[in-house]
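Chain residues, written in single-letter form:
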Amino acid sequence: MTTPAAELVGVSQRFGSFTAVDSIDLQIPRGRLTTLLGPSGCGKTTTLRMLAGYSAPTSGRILIDGDDATRLPPEKRNLGMVFQSYALFPHMTVADNVAYGPKMRKVPAAERRRRAGEALELVGLAHLADRKPKQLSGGQQQRVALARAIAIRPRLLLLDEPLSNLDARLRVQMRAEIRRIQSETGLTVVLVTHDQDEALEMSDEMVLMRSGKIVQSGAPRDVFPAPADRFVAEFLGYENFLTLADGRQAAVRPEHLRVLPADTSAATSADGGIVLDAVVLDVAYRGVDLLVTLEATDPAGNAVRLLADHRADTATGPTPSAGDRVRLLAPEARLAHLSADSTAAPTAPTTAPTASTAPTEGIS
Amino acid sequence: MSAVMSRTARLRHPVAGTLAVAGYVVMIVPILFVVATAFTAGSTLRFPPDGLSLRWFGEAVAYTPFMEAVVSSLQLAVLATGLALLLGVPVTLAIHRGKIPGKGLLEGLFLSPLVVPELVVGLALYQQLMIGLRLDNFTTLLLGHTALLLPYAVRVTGASLALADPALEEAARGLGASPLRAFVTVTLPMLRPGLISAGLLGFVTSFNNVPLSLLLQTRDFRTLPVTMLDYVQQSYDPMVAAASTLVLAATVVVAIVAERTVGFAKIFGGINR
């Protein structure tokens, strides 16, 4: 295997008594897109800033292309960084912004212009080269920031929450756009985000962080169906947590919980899985589906609040309504078995307008 | 009072609008009296003026002590402003961008000339620098005025720095600029409006200063305000009003030029926001 594009070895960052990043080991595979994913304060941005050289680790080593770069100032690392605020130079034109990196590298003027043009071409903004950043929309500014970072032919392209300042529709477009740029240039990309959809859609490799530590990493296809613990499961949108008869914890997504008539025989679960008796507390209409809030008793005997997406077009049986007694099926293949994680905070149900009793969730 | 602006201001915020109008009246009306008396044909400072003439303007311009004092004041104001910016900008950078302990203390130190009575500063400088170290009075005045202007240099440039995204400098570094090049190519242009406004404020403050200049004057180096004060004590004729009006006119010209080239909103935007 080739050397990783970058590698963190036992890297920590402490601010006073607060540990932002706690002795992490991480390899950034070459030519792939790696996302650092986690809630705010998990240390993902601090990690990126240490990689970029804006903040020196308290301990540990940072290798870029196999060479120790721990003490290298940012201007000597040759990494292209796209900031959350874009940080475009407001007093320069778009072209001058993009040509700034090559200029600092003493590239001759003609070559500079050519490279800036090329980078702007790549992001589809060549026609706006003479504008000032203020005259551009947020999405265009973002593309300029990308072009500026790419124009230095960086060893790594680092993106700090690049899509968080864009509106929802544009954000989805830019995901594909960044992927396209990544595959066209073959660049190694590290992207920081708190948005699990973004990470799932864009990553070759996703790294989940929490409280300064890496909790799980791998390809989205491997991580998504098998969250390691309750924290990861919650972060990836698993809403329902059950304690099984043997005391193990399992999580299941709302779209995998099937709402069936109460008289369905338990034998329906021929393919394995769990059948629970439940009462419908609330039904919320959401267009493509109904969000059904239920109260059930899990196999360990605890009362649990559960959410199920009920799609009228694919589901069998009658449409549930509040007060109905129903049966729930959680197919075995859809159950994610979690390792014990005593520190995970219990989740409150997201919708429970008609709640009469507080659910007691089974964390043993 | 019936200006459109004040009317709309009063409509939106009746109290603030009225106060603003009252403020303008209090500030501007006395100035109008001075300007009016400068154009008198008579020989006493009196309102209304006895006839119209430009005679006192001619006399003011021809009066050597005034003209010498104008040159002295300009020299002093330009040099003191330049020195204050040269000292103040690095301090501002240290306060806003540096990783040093005791930033509040540092800022307090550089803002303190605003608080300490100028007469005390003047007396201290007189005792220590002129008597103690035997510095000449221009050097002493220059040091005194520089200290006086430091708060403006630190505060006003600081305001424009506080508005600039710190990621800009980081971006420049990441793109390959050394700390010095990042400062020259990115930070300094961000600071431009702050520098211009601190410069203007500093220049005007130094040019108008009386307490320090009064205490540190000598026969051969005297600023314009001190010379005018001196003159008024001896003779009470409209020449002083004419000189004041000329200073006022020059200030207005500078203000208009500043507005045309940079724009007041931009120059003072850093303070208002």
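What you see is a predicted model; the values in this text were computed from it and never measured.

1. What to know about the overall build of chain B
When helices and strands are counted, chain B shows 13 helices and zero strands. Counted from the first residue to the last, chain B has its helices and strands arranged as α-α-α-α-α-α-α-α-α-α-α-α-α. If one aligns the C-alpha atoms of chain B with their principal axes, the spans along those axes are about 70 × 60 × 30 Å. The buried share of chain B, taken over its 273 residues, is 38%. Pairs at least 24 residues apart make up 69% of the contacts formed inside chain B by residues separated by at least 6 positions. When the accessible surface of chain B is split by element, carbon and sulfur atoms take 71% of a total near 15,000 Å². Averaging the coordinates of the 18 positive side-chain charges in chain B and doing the same for the 13 negative ones gives two points 11 Å apart.

2. Things to note about the overall build of chain A
Broken down by element type, chain A carries eight helices and 18 strands. Counting the 364 residues in chain A, one finds 50% classified as buried. For chain A, restricting intrachain contacts to residue pairs at least 6 apart in sequence, the fraction spanning at least 24 positions comes to 66%. Total accessible area on chain A stands at roughly 16,100 Å², and carbon and sulfur atoms take up 50% of it. Where the 41 positive side-chain charges of chain A centre and where its 42 negative ones centre are 10 Å apart.

3. A look at the sheet that holds strand β11 (residues 240-243) of chain A
Strand pairing in a sheet is mediated by backbone hydrogen bonds. Such pairs are either parallel or antiparallel. Residues and elements named next belong to chain A. Read from one edge to the other, the open sheet built from three strands follows the order β11-β12-β18, with strand pairing classed as antiparallel. Strands at the two margins of the open sheet, each flanked by one partner only, are β11 and β18 (336-338). Strand after strand, the sheet turns through a mean of 30° between neighbouring axes, direction not considered. Strand direction decides the pairing type here: strand β12 (residues 249-252) and β18, joined by three bridges, are antiparallel. Paired with Ala250 across the two strands is His337, which belongs to β18.

4. Some details on the packing of helix α6 (residues 118-132) of chain B against helix α7 (residues 137-163) of chain B
Residues and elements named next belong to chain B. Following both chains from N to C, one finds α6 and α7 inclined at 145°, their axes separated by 10 Å at the closest point. Crossing angle aside, the handedness with which α6 passes α7 is right-handed. In this structure, α6 uses Glu118, Leu125, Leu129 and Met130 to contact α7, whose residues at the interface are Asn137, Thr140, Leu143, Gly144 and Leu148. A class-by-class count of the residues in the contact of α6 with α7 yields five nonpolar, three polar and one charged.

5. Brief notes about the environment of Pro102 of chain A
Mapped onto the fold, Pro102 of chain A is located in helix α2 (residues 94-104). For Pro102 of chain A and Arg112 of chain A, which are 10 residues apart along the polypeptide, the C-alpha to C-alpha distance reads 5.8 Å.

6. Details of the nonpolar core
Counting 43 residues, the largest nonpolar core has Leu51, Phe89, Tyr100, Leu156, Leu158 and Val190 of chain A as the members making the most contacts within it. Apart from residues no more than four positions distant in its own chain, Tyr100 of chain A is found in contact with Phe89 and Met92 of chain A together with Ala172, Leu175, Ala177, Arg181, Ala182, Thr185 and Val186 of chain B. Ranked by size, the runner-up nonpolar core spans 34 residues in total, among them Leu88, Ala116, Ala145 and Leu163 of chain A.

7. Concerning the sheet that holds strand β5 (residues 67-68) of chain A
Residue and element names in this part refer to chain A. Pairing is antiparallel in the open sheet, where four strands are placed in the order β2-β1-β4-β5. Edge positions in the open sheet fall to β2 (18-28) and β5, since each of these has one partner strand only. Here strand β4 (residues 59-64) runs beside β5; their pairing, made up of two bridges, is antiparallel. By the bridge assignment for β5, Ile64 is matched with Asp67. Along the sheet, helix α1 (residues 44-52) makes contact with β1 (6-15), β2 and β4, crossing β1 at roughly 115°.

8. A short note on unusual backbone geometry
Residues and elements named next belong to chain A. Positive phi outside glycine occurs at Lys106, with the angle close to 60°. Relative to the elements of secondary structure, Lys106 occurs in the loop between α2 and α3 (109-122). The phi angle at Ser211 is positive, at roughly 45°, despite the residue not being glycine. Within the secondary structure layout, Ser211 lies in the loop between β9 (205-210) and β10 (213-218). Residue Ser211 is classed as exposed on the basis of its relative accessible area of 53%.

9. Considerations on the environment of Asp22 of chain A
Residue and element names in this part refer to chain A. Considering the arrangement of structural elements, one finds Asp22 in strand β2. Put simply, Asp22 and Gly212 are 190 residues apart on the chain and 4.9 Å apart in space, counted from C-alpha to C-alpha. With residues up to four places along the chain from it excluded, the contact list for Asp22 reads Val11, Ser12, Gly212 and Lys213.

10. Observations regarding the confidence of the model for chain B
Averaged over all residues, the pLDDT of chain B equals 83, while 91% of them reach at least 70. For chain B, helix α13 (residues 264-272) of chain B is the element with the lowest average pLDDT, namely 52, and helix α8 (residues 167-174) of chain B is the one with the highest, namely 93.

Cut-offs used in this document
Residues numbered from 1 in each chain as written. Chains lettered and ligands numbered in written order. Predicted model: local features only at pLDDT ≥ 70, side-chain atom pairs only at ≥ 80, totals over all residues. Heavy atoms only, no water. Helix = DSSP H or I, 4+ residues; strand = E, 2+ residues; numbered from the N terminus. Buried < 20%, exposed > 50% of the residue type's maximum accessible area, 1.4 Å probe, protein only. Contact = heavy atoms within 4.5 Å. Areas by Shrake-Rupley, 256 points an atom, 1.4 Å probe, with all protein chains shown as cover. Lys, Arg positive; Asp, Glu negative; His and termini not counted. Charge placed at Lys NZ, Arg CZ, Asp CG, Glu CD. Pairing = 2+ DSSP bridges. Axes fitted to C-alpha atoms, helices over the stretch in contact; angles between N-to-C directions. Left-handed = near helix turned anticlockwise from the far one by under 90°. Nonpolar A, V, L, I, M, F, W, Y, C, P; charged D, E, K, R; others polar. Core = buried A, V, L, I, M, F, W, Y, C linked by side-chain atoms within 4.5 Å. pLDDT = per-residue confidence, 0-100.

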